[in-house]
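# Remarks on the overall topology
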Amino acid sequence: MSSHLPAALLDSLAGLPGYNRETFERVHAAAEKITSLRLNPLKITTPERVQQVLQALSANGVQRVPWSSEGYYLPARPSFTFDPYFHAGAYYVQEASSMFLEQAVRATVDLSAPLKVLDLCAAPGGKSTLLQSLITEDSLLVTNEVIKPRAALLADNLTRWGAANVVVSNNDPRDFSRLPGYFDLVVVDAPCSGSGLFRRDPELVSEWSLENVTLCSQRQQRILADVLPAVKDDGVIIYSTCSFSAEEDEVILDWLADHFELENITIPLDADWQIVPTVTTKRNCTGYRFYPDLLKGEGFFIACFRKKGSSQSIRKQKESRQVALTARQRELVAPWVNIPASWQYFLHQDEVLILPPLLATDITMLQQQLYIRKAGVKAGQLGQKELIPDHQLAASTILAETLPVVSLNLQQALLYLRKEDPGVNTDIRGWALVTYKGMHLGWAKFLPNRMNNYYPKELRILKEING
Ligand code: SAM
C-alpha cells in the first residue's frame, strides 16, 4: 500500500528512535481516523454526567486515553456541531497524543500551588483547555496567539470552557520579554512542518518540504529565545511539536541546552503506552516521540526543561488602574453571580469584569504589557437599571443558582444555538438562562409574545439541522 508520504521525509527519519519505515508507511496508507475528546472537569463533575455526555456521543465502544485523566476515544466521529454539549463546553475535541501534556505538567510542576502559566502558541486552545483543567482555581493561565483571527477563535473556545482564571492575549512571542521571570510554567507548542498530522490531514503532505522544516526549526529557535526571559528561575518550559523531523525536535533540545541554562527533565512512562523516549547525542537531553504505528494517536514530540541561573524578575506591581463598582452597581450585578468575597468586580467602559484574586492583582500590569482580548469573566453591560448579561457569564461556572432557567429538548436546543426561536412555552418573563440537560447554553429574554435569543451571532450553528 502506498502512503504518498514524501520520500525526502521518509529518508530523513531513518535511524530515529522508534521509526520503522514499513509500519510507518502502512499506518499512513491505512488512513484510520481516530476521534478523541477531553471532558471539562469544571462542568462535568460527576460520574453520572460523564456517562451522560459519552452516551450521547456514542452508545458504546468509548475507551480511555491511557495517559489522560479526562480523555476518551470515540469509536466513530459524531457530528459535534449538532451536539449541544459541545457548545456548552462539556468537552474539547483533542488529538490523543497531545493530551500527554498532562503527564509532562504533572512531572515538572507542583499542581497544588498557585501557578502562573503561559501557553504561548495556543490557538485553537487544545493545550490551554487542558492546562486550565490541571491548575488550581487560584492559579492564572495566560493563553496567547499571535495571529489575530486565531486569537478570536482561542477566546471563543476559552469562553466555552468557562474558567475565570484565564487571560487571552494576542501578542508576538517577543512581547513576553516585558514580563521577565513572571511565569512558573511556559508551554511552547510551536508552529511546525506538521508531518505528525499527515495521517489525519493528508492534504498537508503537499505543503511539506525539507526547506520548510529548516525554516520551522529556525522559527522555533526564535520563539523559544523570545519567551525564555519570561520563565521564572526554577520555572519550567515545555516544548512540543507535531513534526517527526529531528531538526524540529532533538536538534532544538540540543540548541536549547547549548544556549541557555536549562536542565532537561524526564517524564515517567508506562511501557504499555508505546511512547518512545529519544536521547540527544550531543547534550543528552530526553524528549518523547509519538508514532501512529505504535500508539492510538497522531505524531507528536514533547520535552521539558527547568530554567537555571539567576535572571531579572518582574518589577514591583504597578498601582491598579481598574475602576471598582459603586455600591449601587454592585447591587445590580450581585444577583447574577456566586463568587467568593475575595474576587473583584471591575468596570471597563460600561462592562463589568469579574476577576479572581491573582488576576485582579496582576491585571493592570498585564494590560500594560500585553494586548488582552479577554480576562476573567465579562458579567455584562451595565445600564441605569439593569445588567445585560454577557454570554461569558452564561458559559462560566460563577453563575448564581437562583436565576430563572428554561430547559430545552434537543431540537429546541439546536434551534436556540442557530439563534432561532425554539418555540418554548413558559410563564417566565424577563431574562432566563437557557439550558440543555442542565448545561448552560446562553441567555434569552422572554416577553409576553416572543423570546429574544441572546446567543452570540458569531458562535451560532450555521449548518442546516437536517442538511
Ligand atoms: N497549542 C495549540 C493547541 O493545542 O490547540 C496548537 C498550536 S499550533 C501547533 C501553533 C500555533 O502557533 C498556531 O496557532 C500558529 O498560529 C501560531 N504561530 C504561528 N507563527 C507563530 C510565531 N511566529 N510565533 C508564535 N506563534 C506562532
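All of these numbers come straight from a predicted model, not from anything done at the bench. (Residues numbered from 1 in each chain as written. Predicted model: local features only at pLDDT ≥ 70, side-chain atom pairs only at ≥ 80, totals over all residues. Heavy atoms only, no water.)

### Points about the overall build of the chain
Condition: Strands here are runs of E lasting at least two residues and helices are runs of H or I lasting at least four, both read from the DSSP assignment and numbered beginning at the N terminus. Only protein chains enter the calculation, and the probe is 1.4 Å; a residue is then buried if its accessible area is under 20% of its type maximum, exposed if over 50%, and partly exposed in between. Contact definition: two residues touch when any of their heavy atoms are within 4.5 Å.
Along its length, the chain carries 13 helices and 22 strands. Along the three orthogonal principal directions, the C-alpha set of the chain runs to about 70 × 55 × 35 Å. Buried residues in the chain amount to 56% of all 467 residues. The long-range share in the chain, meaning contacts at least 24 apart out of those at least 6 apart in sequence, stands at 72%.

### Some thoughts on the sheet that holds strand S18 (residues 387–389)
Going by this rule: The criterion for strand pairing is that DSSP finds at least two bridges linking the strands in question. Inter-axis angles, ranging from 0 to 180 degrees, are taken between N-to-C directions of lines fitted to C-alpha atoms, where helices are fitted over the stretch in contact.
Taken in spatial order, the four strands of this open sheet run S14-S15-S17-S18, and their pairing is antiparallel. Sheet topology places strand S14 (344–348) and S18 at the edges, where each strand pairs with a single neighbour. Neighbouring strand axes in the sheet, compared pairwise and without regard to direction, differ in orientation by 35° on average. Here helix H11 (residues 357–369) sits on the sheet in contact with S14 and strand S15 (351–355), set at roughly 120° to S15.

### Some points on the nonpolar core
To keep things clear, this is the line we draw: Buried Ala, Val, Leu, Ile, Met, Phe, Trp, Tyr and Cys residues form a nonpolar core when they are joined through side-chain atoms within 4.5 Å.
Trp67, Val105, Leu185, Ile238 and Ile302 are the most contacted members of the largest nonpolar core, which totals 43 residues. Listed by contribution, the elements that provide at least two residues to this core are helix H5 (101–108), helix H6 (126–134), helix H7 (148–161), strand S7 (166–169), strand S8 (183–189), strand S9 (231–241), strand S12 (286–290) and strand S13 (300–307). No other element matches the four residues that H7 contributes to this core. The residues contacting leucine 185, other than those within four sequence positions of it, are Val105, Val109, Lys116, Val117, Leu118, Leu131, Val236 and Ile238.

### Overview of the sheet that holds strand S4 (residues 91–93)
Across the sheet, which stays open at both edges, the four strands sit in the order S2-S3-S1-S4 with antiparallel pairing between neighbours. Strands at the two margins of the open sheet, each flanked by one partner only, are strand S2 (63–64) and S4. Note: strand S1 (residues 35–39) against S4, three bridges, orientation antiparallel. Each bridged residue has a counterpart across the sheet, and for leucine 39 the counterpart in S4 is tyrosine 91. Contacts between helix H3 (residues 47–57) and the sheet are confined to S1, strand S3 (71–74) and S4, with S1 contributing the most and set at about 155° to the helix.

### Points about the site of the ligand
The criterion, for reference: When we say a residue is near a molecule or strand, we mean one of its heavy atoms is within 4 Å of it. Throughout this description, a polar contact denotes any pair of N or O atoms lying within 3.5 Å of each other; where both atoms belong to protein, one of them has to be capable of donating a hydrogen while the other can accept it, and for residues adjacent in sequence the pair is counted only when both atoms sit in side chains. We get accessible surface area from the Shrake-Rupley algorithm with a probe of 1.4 Å; when it comes to residues, only the shown protein chains can shield them. Only Asp, Glu, Lys and Arg are considered charged, only Ala, Val, Leu, Ile, Met, Phe, Trp, Tyr, Cys and Pro nonpolar, and every remaining residue, Gly among them, polar.
Close to the ligand lie 17 residues; Gly126, Lys127, Glu145, Arg150 and Asp189 are nearest. Alanine 123 is positioned such that a nitrogen or oxygen atom in its backbone is 3.2 Å from an oxygen atom of the ligand. The separation between an oxygen atom of the ligand and a polar main-chain atom of glycine 126 is 2.9 Å. Summarising the interface, the protein chains cover 82% of the accessible area of the ligand, which totals 600 Å² for the free molecule. Elements that contribute at least two residues to the shell around the ligand include exactly H6 and helix H8 (210–227). Partitioning the shell around the ligand into residue classes produces 10 nonpolar, two polar and five charged.

### Observations concerning the packing of H8 against helix H9 (residues 250–259)
Our working definition: Note on convention: the crossing is left-handed when the near helix lies turned anticlockwise from the far helix by less than a right angle, right-handed when the turn is clockwise.
The N-to-C vectors of H8 and H9 enclose an angle of 35°; their axes lie 11 Å apart at closest approach. In the packing of H8 onto H9, the handedness of the crossing is right-handed. In contact with Ser217, Gln220, Gln221, Leu224 and Ala225 of H8, H9 contributes Ile252, Trp255 and Leu256. Tallied by class, the residues present in the contact of H8 with H9 amount to five nonpolar, three polar and no charged.

### Concerning unusual backbone geometry
Residue alanine 123 is joined to proline 124 through a cis peptide bond whose omega torsion reads 5°. Its location among the elements puts proline 124 in the loop between strand S5 (116–119) and H6. Unlike most non-glycine residues, alanine 31 shows phi in positive territory, near 55°. Secondary-structure assignment places alanine 31 in the loop between helix H2 (21–30) and S1. On the basis of relative accessibility, which here comes to 31%, the residue alanine 31 falls in the partly exposed class. Of note, lysine 419 is a non-glycine position whose phi angle comes to about 70°, a positive value. Looking at the element boundaries, lysine 419 is found in the loop between helix H13 (410–417) and strand S20 (430–436).

### Remarks on the environment of proline 340
Position of proline 340 relative to the elements: it lies in the loop between helix H10 (327–333) and S14. Relative accessible area serves as the criterion here: at 41%, proline 340 is assigned to the partly exposed category. Between the C-alpha atom of proline 340 and that of serine 243, which follows or precedes it by 97 residues, the distance is 44 Å.

### What about the UniProt feature "binding site: S-adenosyl-L-methionine" (unreviewed entry) in the chain?
We count it as follows: UniProt positions are given in the numbering used here, feature names are shortened, and annotations may be inferred rather than shown by experiment.
UniProt's entry tags Cys121, Ala122, Ala123, Pro124, Gly125, Gly126, Lys127, Glu145, Asp172 and Asp189 with the feature "binding site: S-adenosyl-L-methionine" (unreviewed entry), counted in the numbering of this structure. Here alanine 122 is to be found in the loop between S5 and H6. What alanine 122 contacts, discounting residues up to four positions off in sequence, is Ser128, Thr143, Asn144, Glu145 and Leu154. Residue position: glycine 125 is located in the loop between S5 and H6. If we skip the residues at most four places from it in the chain, glycine 125 touches Tyr92 and Leu154.

### Focus: the packing of aromatic side chains
The description of two aromatic rings rests on the distance between their centres and on the angle between their planes. Counted only if it meets this: Aromatic rings from Phe, Tyr and Trp, with only the six-membered ring used for Trp, were paired whenever their centres fell within 6.5 Å, and each pair was classed as stacked if the ring planes differed by under 30 degrees, edge-to-face if by over 60, and tilted otherwise.
By the definition in use, this model includes 20 aromatic pairs. Pairing phenylalanine 24 with phenylalanine 244 gives two aromatic rings, centres 4.9 Å apart and planes at 80°, and the pair type is edge-to-face. Taken together, the positions of phenylalanine 24 in helix H2 and phenylalanine 244 in the loop between S9 and H9 put the pair 220 residues apart, joining distant regions of the chain. For phenylalanine 24, a relative accessible area of 1% gives the class buried. According to the relative accessible area criterion, phenylalanine 244 is buried, its value standing at 2%. Relative to phenylalanine 183, the ring of phenylalanine 176 lies with its centre 6.4 Å away and its plane at 55°, an arrangement referred to as tilted. Both residues of the pair, phenylalanine 176 and phenylalanine 183, count as buried. Put simply, the rings of Trp67, Phe100, Trp273, Tyr288, Phe290 and Phe300 touch in pairs and so form one group of aromatic residues.

### A few points about H3
The following threshold applies: Throughout, the arc means the angular range of directions from the helix axis out to the C-beta atoms.
Taken together, the buried positions of H3 are occupied by Arg49, Val50, Val53, Leu54 and Leu57. Along the axis of H3, the buried residues cluster in a sector spanning 125°; they form a single face. Of the exposed residues in H3, the ones pointing more than 90 degrees away from its buried face are Pro47 and Glu48. Tucked into the core, H3 has its buried residues touching S1, S3, helix H4 (84–87), S4 and strand S21 (439–447).

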